[in-house]
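Each chain is listed here by its residues.
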Amino acid sequence: MSDAKGIAAVPVPGKGTYEVRLDPKTFPKKAGAPAQTVLPNVVVQEGRAKFVLFPFGDRGIAEPSAIDRIADLAASGLRQGLIVAVAAVGLSLVFGTTGLINFAHGELLTFGAIMAWYLNSSSDGFGLTLVVAGVVAVLLGGLLGLGLEFGLWRPLRRRRTGNVALLVVSIGLALFMRSVFQVVFGATPKPYEQYAVQRAWHVGPLDILPKGAATIAICAVILIAVALLLLRTRLGTAVRAVTDNPDLAESSGIDVGRVIIATWIACGALAAASGVLLGMNQSVDFDMGFKVLLAIFAVMILGGLGSPFGAMLAGVILGLAFEVSTFWIPTDFKTALYLGVMILVLLVRPQGLLGVKERVG
Amino acid sequence: MDLGQAFVDGARAAVSVPAAAFALAAVGLNLQFGYTGILNFGQVGFLLVGAYGTAISIDGGAPLWLGILVGIAAAIALGLLLGIPTLRLRADYLAIVTISAAEILRIGVGTRQLEGLTGGAFGISGFAGSFYDLNPIPPGRYGVGDWSFDHRTLWVMAIGWTCVVLASVLVWLLARSPYGRVLRAIREDEDAARSLGKNAFAVKLQSLVVGGVIGAIGGIVIAIDAQFTNADYWKSAFTFFAYAVLILGGVGSVFGPVIGSMLFWFIYQGLDTILRSSINDGYFGDALTPTDTGPIRVAFVGLALMALMIFRPQGLFGNRAESMVDG
């Protein structure tokens, strides 16, 4: 049923090709009939609203202009880039302090999104509103990070397990967590109870969903908070010191173990926040985190491994660049750009934008 | 629950074509990870380009031998593309780039824009007729009771396991040669190897490419067996199964990956039969349905991979000193 402006929104379960049908019996008498009532082969992309038009009468409606489309792409690129940046900062912090690239990081994202879904939308959940559910999910994500540090990574470091072995362990963990999500949560994507379908705001050439704007604001606040924590607090200084040189930090009286615990909590919480925001803008899926992992890695490499500020910068750059590039190239090829960027950066400037040169090679 | 059936199913899977292909993938990984210490998390990408290279060229009219050569050439190209930017850097870079490349290749071959070349989401099918025309085995079923295979499957199995033996012998010859000692020296201490005048970068690149080609042959074997290849088959979990196979059998041992693959498939398929029958018998009530057996098995593989890497990194037949636990 369309509203006063003639817009009707239909939620769909996920990306795919759909057929859009109008029921001619429901038209008001005086409206006449549109040129066609069935649009076959409507392709819906992951995480995006797809607009289809049924023009009534013979007036026709103009295609959106190039400026409008680029503005919309830039907004969604900024949103996507910031979500990825929030996750990448967490991964960067842990890599900086422990030297581990956690291949299960995507699953920490999914964990946050799924926890929020159970608190928010599950029929036997608590029915919390998404804002509350999201905050609780972030806390649970922090707890999961803490649990993994105490239950897995710290004992392994005590055993002096090598870094390469730890990477394989993190792969095993990713495989395990993803499969458990698939069994427990199910294989079909599910939306949150609130904000699933929204009307766009029109600002100049820009059409932006309120949840998209909120996501950009929340991510910006999170990233600024992390930056201030790192730059202005004693804990942040300690984190940076351990990242720089763990032995020197230890010998100047910094409790490295506590710093690592703090970074794991931050990593889990940031990943969960990123997952909830991603789930709000798309829908919650058992392998959503793994799908974003490629983008997170590309951001980490462009920003410099272990550099949280580099991850913030690279997230925004790559998000904007990739989304806007779909104006010229087919959307499906966007992912190939990730690989291109990684290979190019590693060839030209392997330490990344803001990385430290010594750490490489 | 039928343990006898689980045993037969497991025993059939242990010698099946997928087991041979996983053995090939793991033999390749063994050369890369076990002997040279390079962390290829995108082995499935090599299998994918092998399978697609062969399928596309035969589908386009090339003879069988040329198709297989194209598959192998594609794997060499992929190895160079991924190795040249990353192998000078720390081990993590290669891991990140290879896992990303494998996933991007998988997404790429499934896209609509490449439908003319790769068949998009539908994949390519029915290209291996010329392989089956060469089958010397007379039609019929061979084996004992349920543990039996038809002449077509047996033909692919024979070729697949022959490739496994040839690849293992190749790795064995490489490992006991002076070249193998260079590989191990790089794994143990790259700087030391470099300071003795060994070109560590070139040797690592060769190891990545040769291991990738062995994996690509595994991909070709799978594609020929199924007469079909599409994007969904080559998920990144494939690579991690290959790691589980390798670590189960023994890192840095010649026949470890082969035994590992047979054992892996025996357990994996046996577990499937046990899970399925106990779910159908209602042991789990409504909590699990038969479709859950897939992810539950994968969860077990993930746990096993972690446990093996932590508690027994040398696997069943490996030598602890060879298994780069302190990497």
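That block above? That's the structure.
Parameters at a glance
- Note that residues are indexed from 1 along each chain, following the sequence as it is written.
- All chains are assigned letters beginning with A, and all ligands numbers beginning with 1, in the order in which they are written.
- In view of the model being predicted, local features appear only for residues whose pLDDT reaches at least 70, and side-chain atom pairs are presented and counted only at 80 or more, with totals across whole chains, interfaces and linings using the full set of residues.
- In this text, helices come from DSSP runs of H or I with a minimum length of four residues, and strands from runs of E with a minimum of two, each type numbered from the N-terminal end.
- Burial in this document is a count-based property: other C-beta atoms within 10 Å of a residue's C-beta are tallied, and the residue is buried at 20 or more, exposed at 12 or fewer, or partly exposed in between, with C-beta positions derived from the backbone.
- By the convention adopted here, residues make contact when the C-beta atoms placed from their backbones lie within 7 Å.
- To estimate the expected span of a helix, count its residues, drop one, and scale the result by 1.5 Å.
- Strands are treated as partners if at least two bridges between them are detected by DSSP.
- A set of buried Ala, Val, Leu, Ile, Met, Phe, Trp, Tyr and Cys residues, joined through C-beta atoms within 7 Å, is what we mean by a nonpolar core.
- In this classification, Asp, Glu, Lys and Arg are treated as charged, Ala, Val, Leu, Ile, Met, Phe, Trp, Tyr, Cys and Pro as nonpolar, and every other residue, Gly included, as polar.
- Throughout, an axis means a line fitted to C-alpha atoms (over the contacting stretch in the case of helices), and angles, computed between N-to-C directions, take values from 0 to 180 degrees.
- Any angle between 65 and 115 degrees counts as roughly perpendicular, while under 35 counts as roughly parallel, over 145 as roughly antiparallel, and the rest as oblique.
- Starting at the helix axis, one direction is taken to each C-beta atom, and the arc is that of these directions.

## Digging into the overall build of chain A
Right, so step 1: Secondary structure assignment for chain A yields eleven helices and four strands.
Right, so step 2: Evaluated residue by residue, chain A yields a buried proportion of 45% over its 361 residues.
Right, so step 3: Sequence separation of at least 24 residues holds for 76% of the intrachain contacts in chain A that already meet a minimum separation of 6.

## A short note on helix α10 (residues 308-325) of chain A
Right, so step 1: Here α10(A) contains 18 residues, and its C-alpha end-to-end distance of 25 Å stays within 8% of the 26 Å for a straight helix at 1.5 Å per residue.
Right, so step 2: All buried positions along α10(A) are accounted for by Pro308(A), Gly310(A), Ala311(A), Met312(A), Ala314(A), Gly315(A), Val316(A), Leu318(A), Gly319(A), Phe322(A) and Glu323(A).

## A look at the pairing of strand β2 (residues 141-144) of chain B
All names here are of chain B.
Right, so step 1: Two elements, β2 and strand β3 (residues 147-150), share four bridges in a ladder whose sense is antiparallel. Considered in β3, the bridge of Val144 is made with Trp147.
Right, so step 2: In textbook terms, the turn of a hairpin is the stretch between consecutive antiparallel strands, and for β2 and β3 this stretch comprises two residues, one of which, Gly145, has a positive phi near 55 degrees.

## Considering the nonpolar core
Right, so step 1: Counting 207 residues, the largest nonpolar core has Ala85(A), Val299(A), Leu24(B) and Leu305(B) as its most contacted members.
Right, so step 2: At 16 residues, the largest contribution of residues to this core is made by helix α8 (residues 256-281) of chain A.
Right, so step 3: Contacts of Leu24(B), omitting those with residues within four sequence positions, involve Cys163(B), Val164(B), Ala167(B), Ile214(B), Gly215(B), Ile217(B), Gly218(B) and Val221(B).

## Some details on the interface of chain A and chain B
Right, so step 1: Contacts between the two partners involve 37 residues from chain A, matched on the other side by 42 residues from chain B.
Right, so step 2: Listed by contribution, the elements that provide at least two residues to the side of chain A that touches chain B are α4 (163-185), α9 (288-303) and α11 (334-348) of chain A.
Right, so step 3: Sort the elements by how many residues they give to the side of chain A that touches chain B and α4(A) lands first, with 15 residues.
Right, so step 4: Residue composition of the side of chain A that touches chain B, grouped by class: 27 nonpolar, eight polar and two charged.

## Overview of the packing of helix α5 (residues 210-232) of chain A against α8(A)
Residues and elements named next belong to chain A.
Right, so step 1: Following both chains from N to C, one finds α5 and α8 inclined at 170 degrees, their axes separated by 10 Å at the closest point. Of the possible angle classes, the one that applies to α5 and α8 is roughly antiparallel. Contacts between α5 and α8 involve Lys211, Gly212, Thr215, Ile218, Cys219 and Ile222 from the former and Ala273, Leu277, Met280 and Asn281 from the latter.
Right, so step 2: Taken together, the residues that form the contact of α5 with α8 break down as six nonpolar, three polar and one charged.

## Some thoughts on unusual backbone geometry
Glycine aside, residues mostly have negative phi, and peptide bonds are mostly found in the trans state.
Right, so step 1: Unusually for a residue other than glycine, Arg160(A) sits at a positive phi of about 60 degrees.
Right, so step 2: Topologically, Arg160(A) is positioned in the loop between α3 (130-158) and α4.
Right, so step 3: Positive phi outside glycine occurs at Gln227(B), with the angle close to 55 degrees.
Right, so step 4: You can see Gln227(B) is positioned in the loop between α11 (200-226) and β4 (228-229).
Right, so step 5: Among the residues examined, Gln227(B) registers 17 C-beta atoms within 10 Å and is labelled partly exposed.

## Some words on helix α1 (residues 3-14) of chain B
Helical periodicity: at 3.6 residues per turn, an α-helix aligns residues three or four positions apart in one direction.
Residues and elements named next belong to chain B.
Right, so step 1: The end-to-end C-alpha distance of α1 is 16 Å, a good match for the 16 Å that twelve residues give at a rise of 1.5 Å each.
Right, so step 2: Within the span of α1, buried status applies to Ala6, Asp9, Gly10 and Ala13. The arc that holds every buried residue of α1, seen down its axis, measures 100 degrees, which confines them to one face.
Right, so step 3: The secondary structure elements touched by the buried residues of α1 are α2 (17-35) and α13 (256-280).

## Quick word on the environment of Phe317(B)
All names here are of chain B.
Right, so step 1: Structurally, Phe317 can be placed in the segment after α14 (293-311).
Right, so step 2: Judged by the 18 C-beta atoms lying within 10 Å of it, Phe317 is partly exposed.
Right, so step 3: Separated by 311 residues in the primary sequence, Phe317 and Ala6 place their C-alpha atoms 25 Å from one another.
Right, so step 4: Not counting residues within four places of it along the chain, the set of residues in contact with Phe317 comprises Gly249, Gly250, Ser253, Phe255, Gly256 and Ile259.

Read these as layout, nothing more, since geometry by itself doesn't imply function.
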